[in-house]
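# Architecture and fold: a report
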Amino acid sequence: MARRSFTVVDVVEILTHWYAGRSISEVSDSLDVDRKTIRKYIAPAVAAGMAPGGAAVTPAQWAELVLGWFPGLQDTSLRQVTWPEIAVHRDFVVAQLKVGVTQATIHQRLRDEHGLRASLASLKRWVAANLAEEVR
C-alpha cells in the first residue's frame, strides 16, 4: 500500500470522528485510514485528557490543536495558486451546485462567461476543500 500524506484537514476529520464517539475501527473503516495511523493522531488528544463526548470542539479549534501537536503538517490550500481566482466565484459555484449542475459544467461556464483560467482539476480540488457540505 502506498504511503499517504496527511494534512491538518485530514487529522481534524480523524479527531472529529473519534471525538464524536466512534471507535478506532469505525473511524478506520469510515475514512479508509489504518488504525495505527488513527491511534498516532489521537494520542496527543488522549494525553491532553480529552475523551470522546466531551465539550464541543470546533474544526478551527481542532486545527489549532493539530498544528501545535503536529507542526510538520501544513495546509495544502496555501500552495494552491489558482484558488483565489476560483474563490471570487464562490457564490456562483454554490448556487450552481445547489441546483445540481456538475462541476465540469460549472467550470466550463466560469471559463466561458467569466474568463476563469484555472483547470477543472483545480476547481474540483477547491470545491472539495471549501464546499464539502454543499457537495454532499
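Residues numbered from 1 in each chain as written. Predicted model: local features only at pLDDT ≥ 70, side-chain atom pairs only at ≥ 80, totals over all residues. Heavy atoms only, no water.

Formed by 20 residues in total, the largest nonpolar core has its most connected members in Ile 14, Leu 15, Val 66 and Leu 73. Of all elements in the fold, only helix 1 (8–19), helix 2 (24–31), helix 3 (35–47) and helix 4 (59–69) reach the threshold of two or more residues within this core. Residue contributions to this core peak at 7 residues, all from helix 1. In this view, Leu 73 contacts Phe 6, Thr 7, Val 8, Val 11, Tyr 41, Val 66 and Leu 67; residues no more than four positions away in its chain are not counted. (Core = buried A, V, L, I, M, F, W, Y, C linked by side-chain atoms within 4.5 Å. Buried < 20%, exposed > 50% of the residue type's maximum accessible area, 1.4 Å probe, protein only. Helix = DSSP H or I, 4+ residues; strand = E, 2+ residues; numbered from the N terminus. Contact = heavy atoms within 4.5 Å.)

If you trace the backbone, Gln 96 turns up in helix 6 (residues 90–98). Between the alpha carbons of Gln 96 and Ile 106 there is a distance of 6.9 Å; along the sequence they are 10 residues apart. Apart from residues no more than four positions distant in its own chain, Gln 96 is found in contact with Val 101, Ile 106 and Arg 109.

Where helix 2 contacts helix 3, the two axes come as close as 9 Å, and the packing angle between them is 115°. One element, helix 2, and the other, helix 3, form an angle in the roughly perpendicular class. Where helix 2 crosses over helix 3, the handedness of that crossing is right-handed. Mapping the contact onto sequence places Ile 24, Ser 25, Val 27 and Ser 28 in helix 2 and Arg 35, Ile 38, Arg 39 and Ile 42 in helix 3. In terms of residue class, the contact of helix 2 with helix 3 is built from 4 nonpolar, 2 polar and 2 charged. (Axes fitted to C-alpha atoms, helices over the stretch in contact; angles between N-to-C directions. Parallel < 35°, antiparallel > 145°, perpendicular 65-115°, else oblique. Left-handed = near helix turned anticlockwise from the far one by under 90°. Nonpolar A, V, L, I, M, F, W, Y, C, P; charged D, E, K, R; others polar.)

Moving on, we come to the packing of helix 1 against helix 4. Their axes nearest at 9 Å, the elements helix 1 and helix 4 cross at an angle of 115°. Read as a crossing pair, helix 1 and helix 4 show a hand that is right-handed. Between helix 1, through Val 8, Val 11, Val 12, Leu 15, Thr 16 and Tyr 19, and helix 4, the contact on the second element is made entirely by Pro 59, Trp 62, Ala 63, Val 66, Leu 67 and Trp 69. Here the contact of helix 1 with helix 4 is composed, by residue class, of 11 nonpolar, 1 polar and no charged.

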